[in-house]
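Below, each chain spelled out in residue letters.
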Amino acid sequence: FVIAGQIGTYYVCWNVNEEILPEGCELTGVEAELARQEIRNALGLLLDRNYIVEEIGQAGQVPASSFVAMGLTDADGSEFYKNTGVSEEFVGYYDTSVDAINANWDAALAVLEKYYTVDENGIFTNFPALEYLYNTSEGHKAIGEYLASALAGMGITMNLENQEWNTFLNTRKNGDYSIARNGWLADYNDPICFLDMWTSNPGNNDVQYGKGAHKDLAMYNLDLTAYGYETKVEDGTWAETYDKLIVEIKACTDAETRYELMHIAEDMLMATGCIAPIYYYTDIYMLNDSVEGYFCNPLGYKYFMYTTIAA
């Protein structure tokens, strides 16, 4: 039994157009979306990623604190994910250490109590029911059941919906869901293959950034003047900011600048709360000890051209 490194991230994605504010909430427009961002990020803090990898995954997965997977390198050769985040005290956008679960929980509750009614038992009474979409797999089902139980403890109902693979892909792609199971593997060693999928038009934009009601929401800022560009946008749409940023990244020929711009892109993604990373993938397989010359790489490719079977 072999557990090999694999460059990929298992994550939960939100439909950016899903309404999660309580009924009767008076917030509208940009203020409402800022509230949703705060709520989504708070719910992401509630997830015990260590429990998921140790009790459900059980295959050496690593709790994920960023969307761009571990193993992808930065301009200086260090790992990209180790240079991301919002704090000097931990790597990434969440503190995924075992010791942080209580602090994460308290921080999440402090946010949620701003928007939802709490009874004397600490149960939220007006949080809209959620639906978690996943494709047929006992592993995906087990993670969905854990997510539902974690939220149920505070009065948030999350129903599970299972669909077979092709139907699931179409449902998620069309944005006919509220929360869905998701995952992405690198095609090559470059963070751009995790970042360019979230522009307004690509078919992999399951979150629906820049689509539907989100298309005309003008609330994002982008200032690249410090990097020698003329681009400076205040209160722009997703297409006017994130899409523009990805265009500049793909055209940039200076490696250091290019990677700094990719960190800006991931910051924008994670600020929305629509992407909640769960764990970094591993590649597991069985290999008979009579097999020689076989090898694989962290992109998940398997090579048999030199393989022989010992007598």
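Up top is the structure these notes are about.
Residues numbered from 1 in each chain as written. Predicted model: local features only at pLDDT ≥ 70, side-chain atom pairs only at ≥ 80, totals over all residues. Heavy atoms only, no water.

This brings us to the overall build of the chain. Looking only at helices and strands, the chain has eight helices and twelve strands in total. Computed over C-alpha atoms, the radius of gyration of the chain comes to 20 Å, within 12% of the 19 Å expected from 2.2 N^0.38 for 311 residues, which places it in the range of a compact globule. Considered along the principal axes of its C-alpha atoms, the chain spans approximately 75 × 50 × 40 Å. Intrachain contacts of the chain at a sequence separation of at least 6 include 68% that bridge at least 24 residues. When the accessible surface of the chain is totalled, it reaches about 14,700 Å², and 49% of it is carbon and sulfur. A distance of 7 Å separates the average location of the 16 positive side-chain charges in the chain from that of its 47 negative side-chain charges. (Helix = DSSP H or I, 4+ residues; strand = E, 2+ residues; numbered from the N terminus. Rg over C-alpha atoms; globule rule 2.2 N^0.38 Å. Contact = heavy atoms within 4.5 Å. Areas by Shrake-Rupley, 256 points an atom, 1.4 Å probe, with all protein chains shown as cover. Lys, Arg positive; Asp, Glu negative; His and termini not counted. Charge placed at Lys NZ, Arg CZ, Asp CG, Glu CD.)

Right, let's get into the pattern of salt bridges. For the structure shown, the criterion picks out ten salt bridges. Lys-82 serves as the salt-bridge partner of Glu-79, at 3.5 Å between the closest nitrogen and oxygen. Taking relative accessible area as the criterion, Glu-79 reaches 23% and is therefore assigned partly exposed. Here Asp-196 ties to Lys-250 by a salt bridge, and the two come within 3.1 Å at their closest N and O atoms. Here the residue Asp-196 occupies a position in the loop between α6 (192-195) and β6 (220-223), and Lys-250 occupies one in helix α7 (residues 238-251), the gap between them amounting to 54 residues. Sharing partners across several salt bridges, the network here consists of Glu-19, Glu-33, Arg-36 and Arg-40. (Salt bridge = Lys/Arg side-chain N within 4 Å of Asp/Glu carboxyl O. Buried < 20%, exposed > 50% of the residue type's maximum accessible area, 1.4 Å probe, protein only.)

Tallying each qualifying case throughout the model produces 22 aromatic pairs. Members of the aromatic cluster, each reached through a chain of ring pairs, are Tyr-11, Phe-67, Phe-194, Trp-198, Tyr-209, Tyr-220, Trp-238 and Tyr-242. The ring of Tyr-94 has Arg-49 sitting right over it, with the charged end atom 4.3 Å from the ring centre. In this arrangement the basic side chain of Arg-258 is found over the ring face of Tyr-259, its NZ or CZ atom lying 5.7 Å from the centre. (Phe/Tyr/Trp six-rings, centres within 6.5 Å; stacked < 30°, edge-to-face > 60°. Lys NZ or Arg CZ within 6 Å of the ring centre and 35° of its normal.)

This part covers the side chain of Asn-205. Tracing the backbone shows Asn-205 in the loop between α6 and β6. Residue classification places Asn-205 among the buried residues on the basis of a relative accessible area of 0%. Apart from the residues within four sequence positions on either side, Asn-205 is in contact with Met-197, Trp-198, Thr-199, Ser-200 and Lys-211.

With that settled, consider the packing of helix α2 (residues 49-57) against helix α4 (residues 138-152). Relative orientation of the contacting elements α2 and α4 amounts to 140 degrees, with a least axis distance of 11 Å. Classified by the angle between their axes, α2 and α4 sit oblique to one another. Considering only the axes of α2 and α4, their crossing is right-handed. Contacts between α2 and α4 involve Tyr-51, Ile-52 and Ile-56 on the former and, on the latter, Gly-139, Ala-142, Ile-143 and Tyr-146. Taken together, the residues of the contact of α2 with α4 break down into six nonpolar, one polar and no charged. (Axes fitted to C-alpha atoms, helices over the stretch in contact; angles between N-to-C directions. Parallel < 35°, antiparallel > 145°, perpendicular 65-115°, else oblique. Left-handed = near helix turned anticlockwise from the far one by under 90°. Nonpolar A, V, L, I, M, F, W, Y, C, P; charged D, E, K, R; others polar.)

On the surface, Phe-1, Ile-3, Ile-284 and Met-286 cluster together into a nonpolar patch covering about 450 Å² of accessible area. Relative to the assigned elements, Met-286 resides in the loop between β8 (275-285) and β9 (291-292). (Patch = residues over 30% accessible without salt bridge, like charges linked within 9 Å, V, L, I, M, F, W, Y side chains within 5 Å.)

Despite not being glycine, Gln-58 shows a phi value in the positive range, around 50 degrees. Even without being a glycine, Asp-235 presents a positive backbone phi close to 55 degrees. Here Asp-235 is to be found in strand β7 (residues 232-236).

A general feature of soluble globular proteins is that nonpolar side chains tend to end up buried together. By size, the foremost hydrophobic cluster in this structure holds 86 residues, and its most contacted members are Leu-112 and Trp-198. Broken down by element, this core gets its largest block of residues, seven residues, from helix α8 (residues 255-271). (Core = buried A, V, L, I, M, F, W, Y, C linked by side-chain atoms within 4.5 Å.)

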